[in-house]
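The primary structure of each chain is shown beneath.
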Amino acid sequence: MTQERLLDTHCHVSAYDDPVAMLGAAEEAGIGVVAVTEDPDEYRRLKTRLGRREHVDVAIGLHPLRAASFGPNDLARFFRLLPQAKWIGEVGLDFSRAGAGTAKAQQKVFDTVLAEAPRGHHPLSVHSRGAEKEVIQKLAEAEAQAVLHWYTGPLYLVDEAVKSGLYFSLNIAMTRSRKFASLVRAIPRERVLLETDGPFAKVQGRAAHPHELGDVAEVLAQAWGTDIREATKAVIANQNRFLAKS
Ligand SMILES: [Zn+2]
């Protein structure tokens, strides 16, 4: 099914003060939202709270920085709930200082997700901080339909990721970083998706909101030397191509 609206492919909806009002503003702005979660419990609670909404997909996740606390029950619950979820996220690896101590546990969880989730059914939104090489390699091996969210790794790995069919979701905080210009040159235009990573990503000190997603498209338009209409059209075409794989 093709969509006409921009999609925020990575938003921590439960972490906003008022998720329902926030999603109302997104709906009014014509923005679709992928509500990522960090564990199966959060997935279940958010699904119940939100009910059925046409332009909101609650994704089921196992966050890498929580991996050490996940036992067999959490994984079993993940796979039991997976058939009702469209997206998988947030999953991945984090070998930055915050995650280095739990690398083994993270790998076990991520490997299990990649090995046991039915192939080609669930697009993945993937965290890769400090573990970009490993994440790209694992996604390539699994032939996963995945988007690298808030990519902060080296530019030389971008080619590798592109060859493996991966997409990149860009947010407003990334557009303010010094590395953005070179990153946006390295990523082919047809592999770009958008995200907020709100409320953790900030714009001038306050949480990014999905209804402002057009601001990211505007920065992209400048970087691509085009206008907002063309940039938005390009991103929507990317979304449809990416989602058509599942
Ligand atoms: Zn996130």
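As a reminder, the structure under discussion sits directly above these lines.
Residues numbered from 1 in each chain as written. Predicted model: local features only at pLDDT ≥ 70, side-chain atom pairs only at ≥ 80, totals over all residues. Heavy atoms only, no water.

### Quick notes on the nonpolar core
Inside soluble globular proteins, nonpolar side chains tend to come together where they are buried. Among the nonpolar cores identified, the biggest contains 69 residues, and Val13, Leu124, Leu139, Leu148, Phe168, Leu170 and Leu220 are the most heavily contacted of them. Top contributing element to this core by residue count: helix 9 (residues 213-224), with six residues. In this view, Leu220 contacts Leu170, Phe180, Val184, Val192, Leu194 and Val235; residues no more than four positions away in its chain are not counted. Counting 10 residues, the second largest nonpolar core, distinct from the first, contains Val147, Tyr167, Phe242 and Leu243. (Core = buried A, V, L, I, M, F, W, Y, C linked by side-chain atoms within 4.5 Å. Buried < 20%, exposed > 50% of the residue type's maximum accessible area, 1.4 Å probe, protein only. Helix = DSSP H or I, 4+ residues; strand = E, 2+ residues; numbered from the N terminus. Contact = heavy atoms within 4.5 Å.)

### Quick word on the coordination of the zinc ion
Around the zinc ion, the protein contributes the donor atoms His10 (NE2), His12 (NE2), Glu90 (OE) and Asp197 (OD), at 2.1 to 2.6 Å from the metal centre. One can describe the site at the zinc ion as irregular: its four donor atoms subtend angles covering 82 to 163 degrees at the metal. All donors of the zinc ion belong to a single chain; written as a sequence motif, their spacing is H-x1-H-x77-E-x106-D. With His12 in the loop between strand 1 (6-11) and helix 1 (19-28) and Glu90 in strand 4 (residues 88-92), the pair connects residues that are 78 residues apart, well separated along the chain. Here His12 falls in the buried class, since its relative accessible area comes to 3%. A residue is classified by how much of its surface remains accessible, and Glu90, at 2% relative accessible area, is buried. (Donors = N, O, S within 2.8 Å, 3.2 Å for Na, K, Ca; no water. Tetrahedral: all angles 85-135°; square planar, octahedral: opposite > 155°, others 65-115°.)

### A short note on helix 4 (residues 103-116)
Over its 14 residues, helix 4 extends 20 Å from the first C-alpha to the last, a length consistent with the 20 Å expected when each residue adds 1.5 Å. For helix 4, the complete set of buried residues consists of Ala103, Gln106, Val109, Phe110, Thr112, Val113 and Leu114. Along its buried surface, helix 4 packs onto helix 3 (72-81), strand 4, strand 5 (124-127) and helix 5 (132-141). (Expected span 1.5 Å × (residues − 1).)

Any link to function would need more than the numbers given here.
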